[in-house]
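# Summary of structural features
This is what each chain is made of:
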Amino acid sequence: MKNNSKVSERGGFGSKIGFILAAAGSAVGLGNIWRFPYLAAKYGGGVFLMVYIVFAITFGFALMLTEIAIGRKTGQSVIGAYKSVDKRFSPLGLLAAVIPALILPYYCVIGGWVLKYMYVFIIGSGKKVSTAEYITASGERIPFFSNFISHFTQPTVFFIIFLLFTSVAVFLGVEKGIEKVSKLLMPILLLLIVAISVYTLTLDGAGRGLKYYLLPNLNGFTPTKFLQTIAAACGQLFYSMSIAMGIMVTYGSYMRKEDSLESSVRQIEIFDTAVAILAGMIIVPAVFIFSNGDSDSLNAGPGLMFNTLPKVFATMPAGQFIGAAFFILVTLAALTSSISLMETVTAVVIEKFSFGRAKSCVIVIFATFILGMFSVLGYSAWSDIKLLGMQILDFFDFITNNIMMPILALLTCILIGYIVKVKYIEEEVMLGEKRFRSKLLYNIMIKFICPVCMLMILLTPFVTNI
Ligand code: PFF
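Residues numbered from 1 in each chain as written. Predicted model: local features only at pLDDT ≥ 70, side-chain atom pairs only at ≥ 80, totals over all residues. Heavy atoms only, no water.

## Topic: the pattern of salt bridges
In total, this model carries 13 salt bridges according to the counting rule given. Arg 141 is paired through a salt bridge with Glu 133; the nearest N and O atoms lie 2.8 Å apart. Between Arg 437 and Glu 433 there is a salt bridge, and its shortest N-O distance comes to 3.6 Å. Judged by relative accessible area, Arg 437 falls into the exposed class, the value being 56%. A relative accessible area of 12% means that Glu 433 is categorised as buried. One salt-bridge network, in which partners are shared between bridges, spans Arg 72, Lys 257 and Glu 428. (Salt bridge = Lys/Arg side-chain N within 4 Å of Asp/Glu carboxyl O. Buried < 20%, exposed > 50% of the residue type's maximum accessible area, 1.4 Å probe, protein only.)

## Some remarks on the state of the cysteines
By the definition in use, this model includes zero disulfides. For Cys 108, which is in no disulfide, the shortest distance to another cysteine sulfur is to Cys 361 and amounts to 12 Å. A relative accessible area of 0% means that Cys 108 is categorised as buried. With no disulfide of its own, Cys 413 lies closest to Cys 450 among cysteine sulfurs, the gap being 4.6 Å. (Disulfide = S-S within 2.5 Å.)

## Some points on the packing of aromatic side chains
Under the definition given, this model contains 32 aromatic pairs. Where Trp 113 meets Phe 306, the ring centres are 5.6 Å apart and the plane angle is 85°; that geometry is what we call edge-to-face. One end of the pair, Trp 113, is in helix H6 (residues 90–122); the other, Phe 306, is in helix H15 (residues 303–315), and 193 residues separate them in sequence. By relative accessible area, Trp 113 is classed as buried at 6%. Between Tyr 117 and Phe 144, the ring centres sit 5.7 Å apart and the planes meet at 75°, which makes this aromatic pair edge-to-face. (Phe/Tyr/Trp six-rings, centres within 6.5 Å; stacked < 30°, edge-to-face > 60°. Helix = DSSP H or I, 4+ residues; strand = E, 2+ residues; numbered from the N terminus.)

Below you can see the structure in the form of structure tokens.
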């Protein structure tokens, strides 16, 4: 009763579908559309896909269920939530608040880049822009993307616009803002991705690309590569499902008590994985046709979305139109994810300082702007500054995704598996269900498999560096 009244005071999702679409909106982001396809292409196509799906239904399921259950049970923002699970683990709440606060700024900077590309394709300059080259002061030839981010003004303007778009939903609150926006945008996103992938698959030569993507390719698969594939799939799952960044705890705290936790998590996972697989069906065959089967173009990493793909659209029949649709899709995906990051931080400010939503929102926008400017400047005026050998944006991405998030997830597993025990989660699951159907699986995952996977993610960068 106490928790229920807390939920209603803070506002909450009005329906199960609203919660699922908002959580899926958080999960479906740049990770699905840009990161998943190139990892799949790099790690043996179908091999990666199979490993990923097995992980999603096992350890991804356990981690997401844990976070949503903690959120719903405590009915508080991350700081209060971890504290009320066990006082000794309060620092985890702080960590879970700092992670999204560090990710949100650079995520909005990238969101700004996507917005710029959407704009360029919508006004019909996609082809011109994607093939353009610029000469730098030192006489070096650079592509459009490098030129765009090396200038301070435009990336800043698009970053601010993206940040403001994000804040509208958060400003309006959970039910009137986040839930409404997710119910509107997520079906559009799904329609767009299905339509573009169907179109790409009808192109001449798409079949070979599709085979490369979907069939397991064990060529050159040494035991080391297999281990790398497992680590990459673990990391991707984590990234893609918005796990260990406080988001699912926050969204869980707005979830209705009577809705089933297990089935909600399954549905969020299906949505997230389906979008990732469909994104691969667009990107892998399209790049494959464009590069005449040269798989190296698929390994282009971050450049894939901003350098290679626009060139692919430029050579495609109706490419201008498909390019515009694609970047609208990516913008929507990024937007619903950044909304969830901002809501997590805002909920902390509301709770910690007892400020109203509007005031808290303004504070978060301002802080995000300042932090985000570091990433913008990292590509322009401050491009010589390297942190641990990385550009500023990459540095933020690295410390959050490779260090802070696995630590948070690892300690959360220890907290639930060994301190408060699985019963803590089970009680919450039972509120919306007759029995905890995946209890055995959950137990094994949270106590043994998840911690090992987290350690693997934590250690991989160090091992590969050695
Ligand atoms: N899960 C979202 C995505 O796949 O893009 C959101 C996200 C993931 C945001 C990882 C930030 C991040 F570091």
